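Structure at a glance
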Amino acid sequence: MRLLIPILLVPALLPSCRTLEFYGQAVRGQFEILHKSRPNSEVMADPVSKPALRKQLAAVERIRAFATDHLSLPGAESYGKYTDLGRDHVVWVIYATPEFSLKPKTWSYPFIGKMDYRGYFQEKNATSLAEELRKDGYDVYLGGVDAYSTLGWFHDPVLNTFIVYPDIDLAETIFHELTHRKVFRGGDTVFNESLANVVAEEGVKRWLRHEGRLAELRHYEQRLVRRREFYQEIDRARLRLEALYASGKPEPVMRRAKAAILARLHGQFLELRRRWGGHGLEGWLAEDIHNGHIVSLRIYADHMPAFQALLAGCDGDLDLFFKRVGDLKLEKLN
């Protein structure tokens, strides 16, 4: 996920009080991250640093080097410093859709274009906006985010919000965010997130192979199969919902049918967990799933098959892949 930091440079151009408040909190949040950052080497050498943190930062250094040397990603330009924010998430992000639509509400940003979410550094600010949108009839999903990219405007540090991840998840996160720094298409959230997911997954597989961790590689590949199964169920529900919303039926009828589709999706989650051995998807099973959840997931997956096919067509050559990604026309992914 990316918080769109370039727009922080022009808050005075935007007259709305709410808009100015939004950019003000964004400036303060980004300043806090940069102000509190310390070089990884300094943190690792600090006697008060916990051994677990030192170990994770050492892993970050290996991951950064691998990103630069083997994935054509700018690993030398980010994650060389560490920031402890003292909270569980760095930002809280809102996705919102009308009750009978999967078209997300968008917010416009100078230089970047329209994006499908709104992010806040303080949970209370995100909660306030979410409540307003719900009163206006939107399906709203509000979730905490652990990492984002400033798209090259700053050298992003490692954050306490994701340094605790197992190193495979840490690598996946870093590869994902570095992809945003390398390639970003303004106004196209699905393009950016789908691309970053493909590069991150491929990067982790190559990294594990490079480190000779073949058993963990097989386990990770099995995890990706499960991830695809999860997204397939989301996509089936999406198609049913889109057909329903296009049907022109009366709202009470659509409301009942919508509830039935989402209940069926919940049942499919239970079936997936049963097939996976009785664990997984706990967070999603606890959620009251609605359009906002569907949209938040589609953003990260819709164009993945197209990018995977493109990578295969490049015979895995990431330099060629990134060149072709840069040349792509949007209609080729639809």
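Our structure is the block above this text.
Description of the structure in this document. (Residues numbered from 1 in each chain as written. Predicted model: local features only at pLDDT ≥ 70, side-chain atom pairs only at ≥ 80, totals over all residues. Heavy atoms only, no water.)

Brief notes about the layout of surface pockets
- Reported here for the largest pocket is a volume of approximately 1400 Å³.
- Forming the walls of the largest pocket are 36 residues, and the residues nearest its centre are Glu-172, Arg-227, Tyr-231, Leu-297 and Tyr-300.
- The set of elements that each furnish at least two residues to the lining of the largest pocket consists of strand S3 (91–97), strand S7 (139–145), helix H6 (167–182), helix H7 (189–210), helix H8 (214–245), helix H10 (282–286) and helix H11 (291–298).
- The residue inventory of the lining of the largest pocket, partitioned by class, reads 15 nonpolar, 12 polar and 9 charged. (1 Å grid on protein atoms, 1.4 Å probe; cavity = no way out; pocket = protein on both sides within 12 Å on 5 of 7 lines; lining within 4 Å. Points joined across faces, edges and corners; volume = space filled by probe spheres on them. Helix = DSSP H or I, 4+ residues; strand = E, 2+ residues; numbered from the N terminus. Nonpolar A, V, L, I, M, F, W, Y, C, P; charged D, E, K, R; others polar.)

Regarding the sheet that holds S3
- Strand order across the open sheet formed by 3 strands is S6-S3-S7, with antiparallel pairing between neighbours. The sheet is open, and its two borders are formed by strand S6 (118–120) and S7, each paired with just one other strand. Strand-to-strand twist in this sheet, taken as the mean axis angle between neighbours without regard to direction, amounts to 25°.
- As paired elements, S3 and S7 share 7 bridges and run antiparallel to each other. Residue pairing for S7: Val-93 is matched across the bridge by Gly-143. (Pairing = 2+ DSSP bridges. Axes fitted to C-alpha atoms, helices over the stretch in contact; angles between N-to-C directions.)

Focus: the packing of aromatic side chains
- Under the definition given, this model contains 15 aromatic pairs.
- Seen from their ring centres, Phe-66 and Phe-175 are 6.3 Å apart, and the 40° between their planes marks the pair as tilted. Residue Phe-66 is found in helix H3 (residues 51–70), and its partner Phe-175 is found in helix H6; the two are separated by 109 residues along the sequence. The burial state of Phe-66 is the same as that of Phe-175; both residues are buried.
- Feature note: the residues Tyr-95, Tyr-117, Tyr-141, Phe-230, Tyr-231, Phe-269 and Trp-284 constitute an aromatic cluster, connected by ring pairs.
- Directly above the ring of Trp-107 sits Lys-105, whose terminal nitrogen or CZ lies 5.3 Å from the centroid.
- Of note, Arg-185 hangs over the ring of Phe-191, and the distance from its end group to the ring centre comes to 4.1 Å. (Phe/Tyr/Trp six-rings, centres within 6.5 Å; stacked < 30°, edge-to-face > 60°. Buried < 20%, exposed > 50% of the residue type's maximum accessible area, 1.4 Å probe, protein only. Lys NZ or Arg CZ within 6 Å of the ring centre and 35° of its normal.)

All we've got here are geometric facts, nothing functional implied.
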